[in-house]
Amino acid sequence: VQLQASGGGLVQAGGSLRLTCAASRSISIMDWYRQAPGKQRELVAGITSGGRINYVDSVKGRFTISRDNAKNTVYLQMNSLKPEDTAVYYCHARTIFDDYWGQGTQVTVSS
C-alpha cells in the first residue's frame, strides 16, 4: 500500500490546515501520527473503515479526522492550531498483518 500525504505548511497560531492522505487501495485503519523535534512519534488520530475514531487528548475539540472510503482517503482538519502542534505529520495505515507509512508533511505553527 502506498500512502501519499499532502497539506502541511506554515500557519499562525489559531489558524487551520487540512491534511490529506490518499492510499493506493482500501485499508481498514488509517491514522495520523506526528513527531516534533526531540520527541517521540505520537498517534494524533485514527479512524477505521467503519468510522470508529480516536484522538490524543491534546487535539480533542480542535482536530477532526474523517475518511472517504470510496477514494481511500483520510483527512485531518486541524483548527485552532497551537505552536506545540508543530511537527512532521505522518499518514499511517494498517491491517492485522501489516502497517504502512506515508512520507511526512511538515506543519509549522508560528506564535
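It should be emphasised that the depicted structure is a prediction, and the values quoted were computed from it without experimental measurement.

Thresholds applied
- Residues numbered from 1 in each chain as written.
- Predicted model: local features only at pLDDT ≥ 70, side-chain atom pairs only at ≥ 80, totals over all residues.
- Heavy atoms only, no water.
- Helix = DSSP H or I, 4+ residues; strand = E, 2+ residues; numbered from the N terminus.
- Buried < 20%, exposed > 50% of the residue type's maximum accessible area, 1.4 Å probe, protein only.
- Polar contact = N/O pair within 3.5 Å; in protein donor to acceptor, adjacent residues only side chain to side chain.
- Disulfide = S-S within 2.5 Å.
- Phe/Tyr/Trp six-rings, centres within 6.5 Å; stacked < 30°, edge-to-face > 60°.
- Salt bridge = Lys/Arg side-chain N within 4 Å of Asp/Glu carboxyl O.

(A) Region of interest: the side chain of Arg62. With respect to the helices and strands, the residue Arg62 is situated in the loop between β6 (53–55) and β7 (63–68). For Arg62, a relative accessible area of 10% corresponds to the buried category. Within the structure, Arg62 has its side chain in polar contact with the backbone oxygen of Ser80 (distance 2.9 Å).

(B) Focus on the state of the cysteines. This structure, assessed with the given rule, holds 1 disulfide. Two residues share a disulfide in this structure: Cys21 and Cys91, whose sulfurs sit 2.0 Å from each other. One disulfide, between Cys21 and Cys91, carries an S-S torsion of -80 degrees and so falls in the left-handed class. Taken together, the residues span a long stretch of sequence, with Cys21 in strand β3 (residues 17–23) and Cys91 in strand β9 (residues 87–94) at a distance of 70 residues. Assigned by exposure class, Cys21 and Cys91 land together as buried.

(C) Spatial organisation of the packing of aromatic side chains. Applying the stated rule across the entire model yields 2 aromatic pairs. Centre to centre, the rings of Tyr33 and Trp101 are 4.9 Å apart; their planes meet at 65 degrees, and the pair counts as edge-to-face. You can see Tyr33 sitting in strand β4 (residues 29–35) and its partner Trp101 sitting in strand β10 (residues 99–101), a full 68 residues away along the chain. On the basis of an interplanar angle of 90 degrees and a centroid distance of 6.4 Å, the ring pair of Tyr90 and Trp101 is categorised as edge-to-face. Taken together, the positions of Tyr90 in strand β9 and Trp101 in strand β10 put the pair 11 residues apart, joining distant regions of the chain.

(D) A look at the pattern of salt bridges. The tally for this structure, following the rule as stated, stands at 5 salt bridges. With a shortest N-O distance of 3.5 Å, Arg94 and Asp31 are connected by a salt bridge. On the criterion of sequence distance, the pair formed by Arg94 in strand β9 and Asp31 in strand β4 is long-range, its members being 63 residues apart. Taking relative accessible area as the criterion, Asp31 reaches 2% and is therefore assigned buried. Note that Asp85 is salt-bridged to Arg62, the shortest N-O span being 2.7 Å. Separated by 23 residues along the polypeptide, Asp85 in the loop between β8 (73–78) and β9 and Arg62 in the loop between β6 and β7 bring together distant segments of the chain. Here Asp85 matches Arg62 in class, with each residue buried. Where salt bridges share partners, they join Arg34, Glu42, Arg62 and Asp85 into one cluster.

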